[in-house]
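One-letter residues, chain by chain:
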Amino acid sequence: MPRTNRQTILVVDDDPTIRMVAAAHLRQQGYAVASAENGQMLLDILQDINPDLIMLDVDMPLMDGFEACRRLRKTHSGKAVPVLMMTGLEGDNSIEEAYKAGATDFIAKPVNWTLLKQRLRFMLRAVDAMSSLVESEARLAKAQSIARLDYWRWDVFKNKMIISEALAERLQLDVNNIMAEQLLSQVAEIDRSRISQIVQRAVNQQTIPADFEITLNAGGGSTTHQVFRVQSELEYDNQDQLVAIEGTLQDITDRKETEARIQFLSRFDRLTGLQNREAFNRAMHDLIGECVSRDGCIALILVDIDRFVRINDMFGHRTGDAVLIEVSRRVVALVDQLSKKTGDLRTEACRWGGDKFSLAICCSAAHPCHVEVAAMLLDCISAPFKVNGHEVSLTSCIGYANSADSELDLGTLLRNAENAMRHAKRQGRNIICCYDESMLANTRRRMMLEVELHKALPEEQFRLHYQPRINADDKRIVGGEALLRWQHPDIGLISPDEFIPVLEEMGAIHEVGAWVMEVACQQLKRWHDAGHTDFVMSVNLSAVQFRDIRLAEAIGEVIQRIGINPEFLEVELTETAIMEDVSQTQTTLALLKEIGVRIAVDDFGTGYSSLGYLRSFPLDTLKIDRTFVSELPGSREDRSLALAIIAMARSLHLRVVAEGIETQAQAAFLQDQDCDEFQGFLYSRPIDDQAFDLLLRKGIIVV
């Protein structure tokens, strides 16, 4: 039956008259009444109602009141409900048995209804008070559990500890029998002396910190520790004698671990465990101070892993992280090796950020070791290793600066080492560079170029010059290579070798490259319209441009808009660029061939392509790099290389263009080897469009 707002009393008696009379009296007092004829019916009806009190007769058939009460107390809903046992039995034995069965109180039969009314009111008030207390204690226990708060009390005279059940369970102690020594024995070794002093002062001087921390062993032979925040106070008797110390313990283990983690992350790199840059800089200050006092030599070495992004792209970031961990392990191993080898060597290692690491060394000024250490660092990083089932071989660039360069000023030392590292990166891979004064000047000029390059295109400072390509047999002009020039209004003409790498680093090469393609195609259209219908225009593409998946689409749009025949436009790519990502190269070259342009490999012989790869690419032309032409025909090695390149081109049905022709002897030798075209100062330097017009009108260049 549903629960009402009135308190419900369940009357259990086999006498229907008593049930009826009891119900009348109880309803008159404002109670809701339910009834049951025997003990079994009582247990059954509890599934439907939740009485506030049960009046239970003792003498009943089938199941007497004692047995019914015992069974009632074993049920979940009957554990706490008050039971008023009604008994007509005489003697103390029946009363004692009623309490043993779980009765709350008893009343004798025949029932005095006036007395019963008062007894019920008292019992129900007591039940309400007890329920409120239980709920309050439950809320308090819940709050303490959430706050991980436990209670403790030390009886000084009995030397006995009282602690909360949760704490006793956590420390695996018997909550009913804990001596002070037991709890103190679980204090961790690191805290034992301090806590003993606190206890002695409390007993002898009657003073104790209101708030302190304590580390306890977890108990049960566990090696783990738990950290508690202790709040305490002293308890005195009427004669002001210390009788107890009591307080609370709050488990702050998680908080301390979090604080330790935050402290770790403030000083160390999460992935590798090496110092982070901020901690490294602080350590460098100390190292510099030590170096000054020892009259030593300090060097800062910066390491940049070459093309690390490719490892992430090929194998995923999990493997990339594993590679960085391996590099850090090798750096630490090298530091340990150096420390054992040289007793007076001080070192600091750091993950500088991303794929960069740093090492600071302080050694004897009489025996500086930075050159040796930099070389060892390069070698230890480049040794192949396996990670996550992948064979990995790294190269790196190292730049360093020493105390002679910086006068032991940390800011200058850092700046110089970074300049040296950037200089090493520009030289290629597996390079070591030591800072020198010219690098600072180069850096300043590079920064100036970056600023000025932002203005160059909108202010029309760029120009295109053209260098003719000559048919090797009849010396006719068959094409020209478009070459970018920068005419700065104040500085003058700036070399492409200087400003194009800056454009690439800035990301501006795409915009400038698009301008070059546009102007070159417009010029090609003018020369074709002027009657030079077989003229081929060559346009260089940088490796950065070639990685852009929109390249072919953009070139196709220019061809269509200007209205040129794509078979007379040739794009030139360096051998290094096409071999950087073979899969993407094949895709991009296929798209370029779809729009009909020619494809040439520039600077051939300086890279690392194989015949197998070249066969898979839709190429039209190989250009022999000028480095293999300059010593012809005198150098036997260069003769062999030139012959090999020409033979390879013939096997692939490609045209061969020799760059850098400066002498008649070079031209004669290459003509004898069936080279198709020449390009070089022997015939013409790169010239502007008007000067090139004059050459085209002649058609043949005679030297």
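Everything numeric in this text was worked out from a predicted model, so none of it was measured. (Residues numbered from 1 in each chain as written. Predicted model: local features only at pLDDT ≥ 70, side-chain atom pairs only at ≥ 80, totals over all residues. Heavy atoms only, no water.)

Here's the deal with the sheet that holds strand S10 (residues 225–236)
In plain terms, the rule: Strand pairing is defined by DSSP finding a minimum of two bridges between the two strands. We count a stretch as a helix when DSSP gives it H or I for four or more residues in a row; a strand needs E for two or more, and each element gets its number in order from the N terminus. Residues are treated as being in contact if the distance between any of their heavy atoms lies within 4.5 Å. Working convention: axes come from line fits to C-alpha atoms, limited for helices to the stretch in contact. Angles between N-to-C directions cover 0 to 180 degrees.
In space, the six strands of this open sheet follow the order S8-S7-S6-S11-S10-S9, with antiparallel pairing throughout. Only two strands of the sheet have a single partner each, and these edge strands are strand S8 (178–179) and strand S9 (211–217). Taken together, the seven bridges between strand S6 (residues 149–155) and strand S11 (residues 242–251) define a ladder with antiparallel strand orientation. Looking at the pairing, tryptophan 154 lines up with isoleucine 245 of S11. Running over the sheet, helix H8 (residues 189–204) touches S6, S9 and S11 and is turned about 130° from S9. Set on the sheet, helix H9 (residues 253–267) makes contact with S9, S10 and S11; between it and S10 the angle comes to about 125°.

Structural notes on a negative patch on the surface
Applicable threshold: Patches draw on residues past 30% relative accessible area with no salt bridge. Two like charges within 9 Å are joined, as are two nonpolar side chains (Val, Leu, Ile, Met, Phe, Trp, Tyr) within 5 Å. Only the protein chains shown count as cover for residues, with accessible areas throughout obtained via the Shrake-Rupley method and a probe of 1.4 Å. Salt bridges, as used here, are contacts in which a Lys or Arg side-chain nitrogen is within 4 Å of a carboxyl oxygen on Asp or Glu. Charge assignment in this entry is limited to Lys and Arg as positive and Asp and Glu as negative, and neither His nor the chain termini are counted. By convention, the charge on Lys lies at NZ, on Arg at CZ, on Asp at CG and on Glu at CD. When accessible area is computed with a 1.4 Å probe and restricted to protein chains, residues below 20% of their type maximum are described as buried, those above 50% as exposed, and intermediate ones as partly exposed.
Negative charge collects at one region of the surface, where Asp14, Glu37, Asp59, Asp64 and Glu97 lie side by side. Owing to a relative accessible area of 57%, aspartate 59 belongs among the exposed residues under this scheme.

As for the sheet that holds strand S17 (residues 396–402)
With mixed pairing, five strands are arranged side by side in an open sheet as S13-S14-S12-S17-S18. The open sheet is flanked by strand S13 (346–353) and strand S18 (431–434), the only strands paired with a single partner. Here the strands of the sheet are splayed against their neighbours by 15° on average, with no regard to which way each runs. Inspection of the sheet shows S13 paired to strand S14 (residues 356–364) by seven bridges, in the antiparallel sense. Residue arginine 351 lies in a different strand from S14, and its bridge partner there is phenylalanine 357.

Structural notes on the nonpolar core
Put simply, the test is: Among the buried residues, those of types Ala, Val, Leu, Ile, Met, Phe, Trp, Tyr and Cys that are joined through side-chain atoms within 4.5 Å form a nonpolar core.
Counting 83 residues, the largest nonpolar core has Ile555 and Leu670 as its most contacted members. Sort the elements by how many residues they give to this core and helix H18 (residues 509–529) lands first, with nine residues. Each residue touching isoleucine 555, except ones within four places of it in the same chain, is listed here: Met517, Leu541, Leu569, Val571, Leu592, Ile595 and Val597. Core analysis: the second largest hydrophobic core is formed by 36 residues, Val335, Leu345, Ile381 and Leu394 among them.

Overview of unusual backbone geometry
The residue after lysine 109, namely proline 110, is reached through a cis peptide bond having omega -5°. In this structure, proline 110 sits in the loop between strand S5 (105–108) and helix H5 (113–147). Unlike most non-glycine residues, aspartate 240 shows phi in positive territory, near 60°. Among the structural elements, aspartate 240 can be located in the loop between S10 and S11. The class for aspartate 240 is exposed, based on a relative accessible area of 56%. The backbone of asparagine 388 shows a phi angle near 55°, a positive value even though the residue is not glycine. Tracing the sequence through the fold places asparagine 388 in the loop between strand S15 (385–387) and strand S16 (390–392).

Notes on the pattern of salt bridges
Two side chains that carry opposite charge are able to pair once their charged atoms sit near each other. A complete count under the given rule lists 39 salt bridges for this structure. Residue arginine 70 pairs with glutamate 67 through a salt bridge whose shortest N-O separation is 3.2 Å. Highlighted residues: arginine 70 and glutamate 67, both in helix H3 (residues 65–74), separated by three residues, approximately one helical turn. Judged by its relative accessible area of 34%, arginine 70 is partly exposed. Taken together, the salt bridges that share partners define one network made up of Arg469, Glu481, Glu570, Glu572, Lys623, Arg655, Glu659 and Glu677.

Description of the pairing of strand S2 (residues 32–36)
Convention followed: Orient the strands so they point away from the viewer; a crossover is then right-handed if the path from the first strand over the helix to the second runs clockwise.
Here S2 lies mainly inside the structure; four of its five residues are buried. Strand direction decides the pairing type here: strand S1 (residues 8–12) and S2, joined by five bridges, are parallel. Within S2, the residue paired with valine 11 across the bridge is serine 35. Remark: the S1/helix H1 (residues 16–28)/S2 crossover connection has right-handed handedness.

Quick word on helix H25 (residues 664–672)
The condition that has to hold: Regarding the arc, it is the one traced by the directions from the helix axis to the C-beta atoms.
Among all positions of H25, only Gln666, Ala667, Phe669 and Leu670 are buried. For H25, the angular spread of the buried residues around the axis is 165°, confining them to a single face. Against the buried residues of H25 lie helix H24 (636–651), strand S26 (655–659) and strand S27 (677–679). Just downstream of H25, aspartate 674 is the residue with a positive phi angle, here 65°.

Considerations on the packing of aromatic side chains
Two numbers describe a pair of aromatic rings. These are the distance of the centres and the angle of the planes. Applied cut-off: A pair of Phe, Tyr and Trp rings is counted when the ring centres sit within 6.5 Å of each other, with Trp represented by its six-membered ring. The angle between the planes then sorts it: under 30 degrees is stacked, over 60 is edge-to-face, the rest tilted. The criterion is that NZ of a Lys, or CZ of an Arg, lies within 6 Å of the ring centre and within 35 degrees of the ring normal, and then a charge sits over that ring.
This model, assessed by the stated rule, comprises 13 aromatic pairs. When the centroid spacing of 6.1 Å and the interplanar angle of 90° are considered together, the rings of phenylalanine 280 and tryptophan 352 count as edge-to-face. Of the two residues, phenylalanine 280 sits in helix H10 (residues 277–294) while tryptophan 352 sits in strand S13, which places them 72 residues apart along the sequence. Each of the two residues, phenylalanine 280 as well as tryptophan 352, counts as buried. Here the aromatic rings of phenylalanine 462 and tryptophan 486 are separated by 6.3 Å at their centres, their planes lie at 50°, and the arrangement is tilted. Taken together, the positions of phenylalanine 462 in strand S19 (residues 462–471) and tryptophan 486 in strand S20 (residues 477–488) put the pair 24 residues apart, joining distant regions of the chain. The buried category is assigned to tryptophan 486, whose relative accessible area is 0%. Aromatic rings pair up to connect Phe462, Trp486, Phe499 and Trp515 into one cluster. Sitting over the face of the ring of phenylalanine 681, arginine 685 holds its NZ or CZ atom 4.0 Å from the ring centroid.

These figures capture arrangement, not role.
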